[in-house]
Amino acid sequence: MSSKHLVVAVDGPSGSGKSSVSRAAAKALGVGYLDTGAMYRAVTWWCLEEGIDLTDQEAVAQATRDIPLEMGTDPASPSVHVGGREIEDDIRTTRVSEAVSKVATNTLVRPLLQQLQRDLIDQVATETGGVVAEGRDITTVVAPDADVRILLTASVEARLRRRSKELHGHAAEHAVEATRDQIVRRDADDSTVSDFMEAAEGVTLVDTSDLDFEQSVDALLDVVRSEAPDKVPA
Ligand SMILES: Nc1ncnc2c1ncn2[C@@H]1O[C@H](COP(=O)(O)OP(=O)(O)OP(=O)(O)O)[C@@H](O)[C@H]1O
Ligand SMILES: Nc1ccn([C@H]2C[C@H](O)[C@@H](COP(=O)(O)O)O2)c(=O)n1
(Lines give C-alpha, C1' and ligand atoms only; values in the text may rest on other atoms or scores of the structure.)
(Ligands and ions follow the chains in the order given, each with its own letter.)
Protein backbone atom coordinates (compact mmCIF):
# COMPACT_ATOMS: atom_id res chain seq x y z
CA MET A 1 0.00 0.00 0.00
CA SER A 2 1.60 3.24 -1.06
CA SER A 3 -0.41 5.69 1.06
CA LYS A 4 1.27 6.94 4.24
CA HIS A 5 -1.81 5.96 6.24
CA LEU A 6 -2.29 2.58 7.92
CA VAL A 7 -4.90 0.28 6.35
CA VAL A 8 -5.68 -2.95 8.20
CA ALA A 9 -8.04 -5.43 6.50
CA VAL A 10 -9.71 -8.12 8.63
CA ASP A 11 -11.94 -10.94 7.37
CA GLY A 12 -13.42 -13.97 9.03
CA PRO A 13 -16.50 -16.15 9.50
CA SER A 14 -19.52 -15.21 11.56
CA GLY A 15 -18.91 -14.98 15.31
CA SER A 16 -15.12 -15.10 14.98
CA GLY A 17 -14.91 -11.74 16.74
CA LYS A 18 -14.07 -9.60 13.69
CA SER A 19 -16.27 -6.67 14.67
CA SER A 20 -15.54 -6.47 18.39
CA VAL A 21 -11.82 -7.27 18.09
CA SER A 22 -11.28 -4.94 15.08
CA ARG A 23 -13.13 -2.14 16.82
CA ALA A 24 -11.04 -2.50 20.00
CA ALA A 25 -7.85 -2.66 17.93
CA ALA A 26 -8.81 0.50 16.00
CA LYS A 27 -9.44 2.26 19.31
CA ALA A 28 -6.05 1.17 20.66
CA LEU A 29 -4.34 2.35 17.46
CA GLY A 30 -6.26 5.66 17.44
CA VAL A 31 -7.57 5.11 13.90
CA GLY A 32 -11.01 4.74 12.26
CA TYR A 33 -13.09 1.56 12.13
CA LEU A 34 -15.28 0.39 9.24
CA ASP A 35 -17.85 -2.39 9.76
CA THR A 36 -18.68 -3.43 6.18
CA GLY A 37 -21.19 -6.07 7.32
CA ALA A 38 -23.25 -3.21 8.73
CA MET A 39 -23.51 -1.83 5.18
CA TYR A 40 -25.03 -5.07 3.86
CA ARG A 41 -27.33 -5.06 6.88
CA ALA A 42 -28.36 -1.44 6.24
CA VAL A 43 -29.31 -2.21 2.62
CA THR A 44 -31.30 -5.24 3.82
CA TRP A 45 -33.13 -3.16 6.44
CA TRP A 46 -33.86 -0.42 3.91
CA CYS A 47 -35.28 -2.93 1.38
CA LEU A 48 -37.50 -4.50 4.05
CA GLU A 49 -38.71 -1.04 5.09
CA GLU A 50 -39.41 -0.04 1.48
CA GLY A 51 -41.16 -3.32 0.65
CA ILE A 52 -38.54 -4.28 -1.95
CA ASP A 53 -38.50 -7.98 -2.84
CA LEU A 54 -35.06 -9.26 -1.77
CA THR A 55 -35.10 -11.86 -4.54
CA ASP A 56 -35.46 -9.12 -7.20
CA GLN A 57 -31.73 -8.60 -7.84
CA GLU A 58 -32.05 -5.45 -9.95
CA ALA A 59 -34.49 -3.79 -7.53
CA VAL A 60 -32.11 -4.45 -4.61
CA ALA A 61 -29.17 -3.11 -6.65
CA GLN A 62 -31.16 0.06 -7.39
CA ALA A 63 -31.95 0.40 -3.68
CA THR A 64 -28.19 0.11 -3.00
CA ARG A 65 -27.55 3.01 -5.40
CA ASP A 66 -30.32 5.09 -3.79
CA ILE A 67 -29.88 4.41 -0.08
CA PRO A 68 -29.02 7.60 1.89
CA LEU A 69 -26.46 5.72 4.00
CA GLU A 70 -23.99 7.33 6.38
CA MET A 71 -21.40 5.21 8.21
CA GLY A 72 -19.97 6.55 11.47
CA THR A 73 -16.41 5.23 11.77
CA ASP A 74 -15.29 6.39 15.23
CA PRO A 75 -14.43 3.10 17.02
CA ALA A 76 -15.63 4.62 20.31
CA SER A 77 -19.16 4.94 18.88
CA PRO A 78 -19.58 3.46 15.41
CA SER A 79 -22.97 4.28 13.91
CA VAL A 80 -25.19 3.65 10.91
CA HIS A 81 -27.70 6.25 9.71
CA VAL A 82 -30.14 6.01 6.82
CA GLY A 83 -31.90 9.21 5.82
CA GLY A 84 -30.82 10.73 9.15
CA ARG A 85 -32.31 7.87 11.21
CA GLU A 86 -29.98 5.92 13.51
CA ILE A 87 -30.49 2.21 12.68
CA GLU A 88 -27.73 0.46 14.65
CA ASP A 89 -30.27 -1.60 16.66
CA ASP A 90 -32.62 -2.21 13.69
CA ILE A 91 -29.89 -3.84 11.62
CA ARG A 92 -29.01 -6.33 14.41
CA THR A 93 -32.54 -7.81 14.68
CA THR A 94 -33.13 -11.49 13.86
CA ARG A 95 -35.30 -10.36 10.94
CA VAL A 96 -32.35 -8.61 9.30
CA SER A 97 -29.79 -11.29 10.32
CA GLU A 98 -31.91 -13.99 8.69
CA ALA A 99 -32.38 -12.01 5.46
CA VAL A 100 -29.00 -10.33 4.97
CA SER A 101 -27.35 -13.18 3.05
CA LYS A 102 -29.88 -12.63 0.23
CA VAL A 103 -28.41 -9.15 -0.22
CA ALA A 104 -24.80 -10.22 0.41
CA THR A 105 -25.04 -12.91 -2.30
CA ASN A 106 -26.59 -10.50 -4.84
CA THR A 107 -23.79 -10.12 -7.41
CA LEU A 108 -25.21 -6.79 -8.65
CA VAL A 109 -25.04 -5.33 -5.14
CA ARG A 110 -21.53 -6.47 -4.17
CA PRO A 111 -19.51 -4.28 -6.58
CA LEU A 112 -21.56 -1.23 -5.56
CA LEU A 113 -20.88 -1.70 -1.85
CA GLN A 114 -17.28 -2.72 -2.47
CA GLN A 115 -16.60 0.57 -4.28
CA LEU A 116 -18.33 2.52 -1.52
CA GLN A 117 -16.14 0.69 1.01
CA ARG A 118 -12.93 1.52 -0.90
CA ASP A 119 -13.92 5.19 -0.95
CA LEU A 120 -14.70 5.13 2.78
CA ILE A 121 -11.42 3.39 3.61
CA ASP A 122 -9.47 6.10 1.73
CA GLN A 123 -11.46 8.90 3.32
CA VAL A 124 -11.28 7.59 6.90
CA ALA A 125 -7.59 6.70 6.63
CA THR A 126 -6.80 10.20 5.39
CA GLU A 127 -8.87 11.85 8.12
CA THR A 128 -7.70 9.77 11.10
CA GLY A 129 -4.28 8.45 10.06
CA GLY A 130 -5.53 4.94 9.45
CA VAL A 131 -8.43 2.50 9.42
CA VAL A 132 -9.29 -1.04 10.45
CA ALA A 133 -11.90 -2.37 8.00
CA GLU A 134 -13.56 -5.73 8.57
CA GLY A 135 -15.88 -8.05 6.68
CA ARG A 136 -15.68 -11.11 4.43
CA ASP A 137 -13.81 -9.85 1.34
CA ILE A 138 -11.70 -6.95 2.60
CA THR A 139 -8.39 -8.83 2.42
CA THR A 140 -9.17 -10.26 -1.02
CA VAL A 141 -11.38 -7.85 -3.01
CA VAL A 142 -11.98 -4.51 -1.29
CA ALA A 143 -8.42 -3.80 -0.08
CA PRO A 144 -6.09 -6.54 -1.32
CA ASP A 145 -3.23 -4.01 -1.12
CA ALA A 146 -3.84 -3.15 2.56
CA ASP A 147 -0.73 -2.79 4.72
CA VAL A 148 -1.88 -5.60 6.99
CA ARG A 149 -4.29 -8.39 6.01
CA ILE A 150 -5.65 -10.74 8.67
CA LEU A 151 -8.07 -13.66 8.67
CA LEU A 152 -9.54 -13.84 12.17
CA THR A 153 -10.97 -17.25 12.79
CA ALA A 154 -12.15 -19.59 15.57
CA SER A 155 -13.60 -23.09 15.73
CA VAL A 156 -17.31 -23.53 15.04
CA GLU A 157 -17.79 -24.56 18.69
CA ALA A 158 -16.12 -21.39 20.01
CA ARG A 159 -18.09 -19.20 17.63
CA LEU A 160 -21.40 -20.84 18.53
CA ARG A 161 -20.63 -20.49 22.24
CA ARG A 162 -19.73 -16.80 21.91
CA ARG A 163 -22.71 -15.82 19.77
CA SER A 164 -25.06 -17.86 21.94
CA LYS A 165 -23.78 -16.12 25.07
CA GLU A 166 -24.16 -12.73 23.40
CA LEU A 167 -27.75 -13.44 22.32
CA HIS A 168 -29.01 -15.48 25.24
CA GLY A 169 -26.83 -14.64 28.25
CA HIS A 170 -27.27 -17.12 31.09
CA ALA A 171 -29.39 -19.49 28.95
CA ALA A 172 -26.48 -19.78 26.51
CA GLU A 173 -25.78 -23.48 26.99
CA HIS A 174 -29.31 -24.36 25.83
CA ALA A 175 -29.36 -21.84 23.01
CA VAL A 176 -26.41 -23.13 21.00
CA GLU A 177 -28.63 -25.01 18.56
CA ALA A 178 -30.91 -22.00 18.06
CA THR A 179 -27.84 -19.95 17.18
CA ARG A 180 -26.56 -22.45 14.63
CA ASP A 181 -28.58 -20.90 11.77
CA GLN A 182 -26.98 -17.52 12.38
CA ILE A 183 -23.47 -18.99 12.20
CA VAL A 184 -23.29 -22.16 10.12
CA ARG A 185 -26.08 -21.56 7.59
CA ARG A 186 -25.12 -17.91 7.06
CA ASP A 187 -21.44 -18.79 6.52
CA ALA A 188 -22.43 -21.47 4.00
CA ASP A 189 -24.55 -18.95 2.05
CA ASP A 190 -22.02 -16.11 2.30
CA SER A 191 -19.07 -18.26 1.27
CA THR A 192 -20.67 -18.85 -2.13
CA VAL A 193 -19.54 -15.30 -3.05
CA SER A 194 -16.47 -14.65 -0.84
CA ASP A 195 -13.65 -16.83 0.40
CA PHE A 196 -13.24 -16.13 4.10
CA MET A 197 -12.82 -19.64 5.51
CA GLU A 198 -9.16 -19.94 4.49
CA ALA A 199 -6.44 -17.32 4.42
CA ALA A 200 -5.53 -16.16 0.90
CA GLU A 201 -1.87 -15.82 -0.02
CA GLY A 202 -0.18 -13.11 2.05
CA VAL A 203 -3.01 -13.03 4.62
CA THR A 204 -2.02 -13.76 8.25
CA LEU A 205 -4.20 -16.26 10.09
CA VAL A 206 -5.13 -15.44 13.70
CA ASP A 207 -7.00 -18.28 15.40
CA THR A 208 -8.77 -17.08 18.56
CA SER A 209 -10.40 -20.41 19.55
CA ASP A 210 -8.30 -20.61 22.71
CA LEU A 211 -7.92 -16.88 23.34
CA ASP A 212 -10.14 -14.64 25.42
CA PHE A 213 -11.26 -11.28 24.08
CA GLU A 214 -8.30 -9.24 25.37
CA GLN A 215 -5.81 -11.83 24.13
CA SER A 216 -7.47 -11.72 20.68
CA VAL A 217 -7.13 -7.93 20.50
CA ASP A 218 -3.47 -8.21 21.54
CA ALA A 219 -2.87 -10.91 18.92
CA LEU A 220 -4.28 -8.67 16.18
CA LEU A 221 -2.26 -5.68 17.40
CA ASP A 222 0.92 -7.79 17.46
CA VAL A 223 0.42 -8.65 13.77
CA VAL A 224 -0.19 -4.98 12.89
CA ARG A 225 2.92 -3.81 14.78
CA SER A 226 5.10 -6.48 13.27
CA GLU A 227 3.85 -6.12 9.66
CA ALA A 228 3.50 -2.33 9.44
CA PRO A 229 5.79 -0.90 12.17
CA ASP A 230 6.38 2.36 10.30
CA LYS A 231 2.71 3.13 9.81
CA VAL A 232 1.36 2.58 13.33
CA PRO A 233 0.37 6.07 14.55
CA ALA A 234 2.56 7.25 17.46
N1 LIG B 1 -11.66 -14.16 21.75
C2 LIG B 1 -12.90 -14.05 22.22
N3 LIG B 1 -13.25 -14.71 23.30
C4 LIG B 1 -14.50 -14.65 23.78
N5 LIG B 1 -15.52 -13.93 23.22
C6 LIG B 1 -15.22 -13.25 22.15
C7 LIG B 1 -13.92 -13.27 21.58
N8 LIG B 1 -13.94 -12.51 20.47
C9 LIG B 1 -15.20 -12.05 20.36
N10 LIG B 1 -15.96 -12.46 21.39
C11 LIG B 1 -17.39 -12.21 21.59
O12 LIG B 1 -18.07 -13.02 20.61
C13 LIG B 1 -19.23 -12.36 20.16
C14 LIG B 1 -19.20 -12.29 18.63
O15 LIG B 1 -18.18 -11.37 18.24
P16 LIG B 1 -18.36 -10.37 17.00
O17 LIG B 1 -19.75 -9.85 16.92
O18 LIG B 1 -17.25 -9.41 17.09
O19 LIG B 1 -18.13 -11.42 15.81
P20 LIG B 1 -18.19 -11.20 14.27
O21 LIG B 1 -17.14 -12.07 13.69
O22 LIG B 1 -18.14 -9.76 13.94
O23 LIG B 1 -19.61 -11.80 13.90
P24 LIG B 1 -20.61 -11.45 12.70
O25 LIG B 1 -19.84 -11.53 11.45
O26 LIG B 1 -21.66 -12.51 12.79
O27 LIG B 1 -21.16 -10.08 12.98
C28 LIG B 1 -19.26 -11.01 20.85
O29 LIG B 1 -20.11 -11.12 21.96
C30 LIG B 1 -17.82 -10.81 21.29
O31 LIG B 1 -17.71 -9.98 22.44
N1 LIG C 1 -17.50 -7.49 3.39
C2 LIG C 1 -18.62 -8.18 3.71
C3 LIG C 1 -19.23 -7.99 4.93
C4 LIG C 1 -20.36 -8.71 5.23
N5 LIG C 1 -20.86 -9.55 4.33
C6 LIG C 1 -22.10 -10.29 4.62
C7 LIG C 1 -21.97 -11.43 5.55
C8 LIG C 1 -23.25 -11.41 6.36
O9 LIG C 1 -24.23 -12.22 5.78
C10 LIG C 1 -23.73 -9.97 6.28
C11 LIG C 1 -23.61 -9.20 7.57
O12 LIG C 1 -22.29 -9.28 8.06
P13 LIG C 1 -21.97 -9.29 9.63
O14 LIG C 1 -22.54 -8.03 10.19
O15 LIG C 1 -22.66 -10.48 10.22
O16 LIG C 1 -20.48 -9.36 9.71
O17 LIG C 1 -23.00 -9.37 5.24
C18 LIG C 1 -20.25 -9.73 3.13
O19 LIG C 1 -20.70 -10.54 2.29
N20 LIG C 1 -19.12 -9.04 2.82
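Cut-offs and rules
Residues numbered from 1 in each chain as written. Chains lettered and ligands numbered in written order. Predicted model: local features only at pLDDT ≥ 70, side-chain atom pairs only at ≥ 80, totals over all residues. Heavy atoms only, no water. UniProt positions renumbered as here; feature names shortened; annotations may be inferred. Near = heavy atom within 4 Å. Polar contact = N/O pair within 3.5 Å; in protein donor to acceptor, adjacent residues only side chain to side chain. Areas by Shrake-Rupley, 256 points an atom, 1.4 Å probe, with all protein chains shown as cover. Helix = DSSP H or I, 4+ residues; strand = E, 2+ residues; numbered from the N terminus. Nonpolar A, V, L, I, M, F, W, Y, C, P; charged D, E, K, R; others polar. Patch = residues over 30% accessible without salt bridge, like charges linked within 9 Å, V, L, I, M, F, W, Y side chains within 5 Å. Salt bridge = Lys/Arg side-chain N within 4 Å of Asp/Glu carboxyl O. Lys, Arg positive; Asp, Glu negative; His and termini not counted. Charge placed at Lys NZ, Arg CZ, Asp CG, Glu CD. Contact = heavy atoms within 4.5 Å. Pairing = 2+ DSSP bridges. Axes fitted to C-alpha atoms, helices over the stretch in contact; angles between N-to-C directions.

- The protein chain is annotated in an unreviewed UniProt entry as Cytidylate kinase of Pedococcus bigeumensis.
- As recorded by UniProt, the Subcellular location (unreviewed entry) comment attached to the protein chain reads in full: "Cytoplasm".

1. Brief notes about the site of ligand 2
Phase 1: Residues in contact with ligand 2 amount to 14 residues; listed here are only the nearest, Arg 41, Arg 110, Arg 136, Asp 137 and Asp 190.
Phase 2: Here a nitrogen atom of ligand 2 and a side-chain polar atom of Asp 137 are 2.8 Å apart.
Phase 3: One nitrogen or oxygen atom from the side chain of Asp 190 is found 2.7 Å from an oxygen atom belonging to ligand 2.
Phase 4: With the chains in place, 97% of the 440 Å² that ligand 2 exposes on its own is no longer accessible.
Phase 5: Elements represented by at least two residues in the shell around ligand 2 include exactly helix H2 (36-50), helix H4 (94-104) and helix H8 (172-190).
Phase 6: Sort the elements by how many residues they give to the shell around ligand 2 and H2 lands first, with 4 residues.
Phase 7: Grouping the amino acids of the shell around ligand 2 by side-chain chemistry returns 4 nonpolar, 4 polar and 6 charged.

2. Points about a negative patch on the surface
Phase 1: There is a patch of like negative charges on the surface, built from Asp 212, Glu 214, Asp 218 and Asp 222.
Phase 2: Inspection of the secondary structure assignment puts Asp 212 in the loop between strand E8 (204-207) and helix H9 (213-227).

3. Looking at the site of ligand 1
Phase 1: Every one of the 17 residues lining ligand 1 counts as a neighbour, but Ser 14, Lys 18, Ser 19, Ser 20 and Ser 216 are closest to it.
Phase 2: One of the side-chain nitrogen or oxygen atoms of Lys 18 is found 2.6 Å away from an oxygen atom of ligand 1.
Phase 3: Between ligand 1 and Leu 211 there is a distance of 3.1 Å, counted from a nitrogen atom to a backbone nitrogen or oxygen.
Phase 4: The protein chains hide 81% of the 640 Å² of surface that ligand 1 would expose on its own.
Phase 5: Among the secondary structure elements, those contributing two or more residues to the shell around ligand 1 are helix H1 (18-29), helix H7 (156-168) and H9.
Phase 6: In terms of residue class, the shell around ligand 1 is made up of 3 nonpolar, 7 polar and 7 charged.

4. Focus: the side chain of His 5
Phase 1: By the secondary structure assignment, His 5 is in the segment before strand E1 (6-11).
Phase 2: Reaching out from His 5, the side chain makes a polar contact with the backbone oxygen of Ala 125 at a distance of 3.4 Å.
Phase 3: Apart from the residues within four sequence positions on either side, His 5 is in contact with Ala 125, Thr 126, Gly 129, Gly 130, Asp 147 and Lys 231.

5. Let's talk about the sheet that holds E8
Phase 1: Here we have 5 strands laid out as an open sheet, ordered E2-E6-E1-E7-E8, and parallel in their pairing. Each of the sheet's edge strands pairs with one partner strand only, and the pair in question is strand E2 (32-35) and E8. Pairs of neighbouring strands in the sheet enclose a mean axial angle of 20 degrees, with direction left out of account.
Phase 2: In the sheet, E1 pairs with strand E6 (residues 130-135) via 6 bridges, with the strands oriented parallel. Among the inter-strand pairings, Val 10 is bridged to a residue of E6, identified as Glu 134.
Phase 3: Running over the sheet, H1 touches E1, E2, E6 and strand E7 (148-153) and is turned about 175 degrees from E6.
Phase 4: Across the sheet, H2 is in contact with E2 and E6; its angle to E2 comes to roughly 45 degrees.

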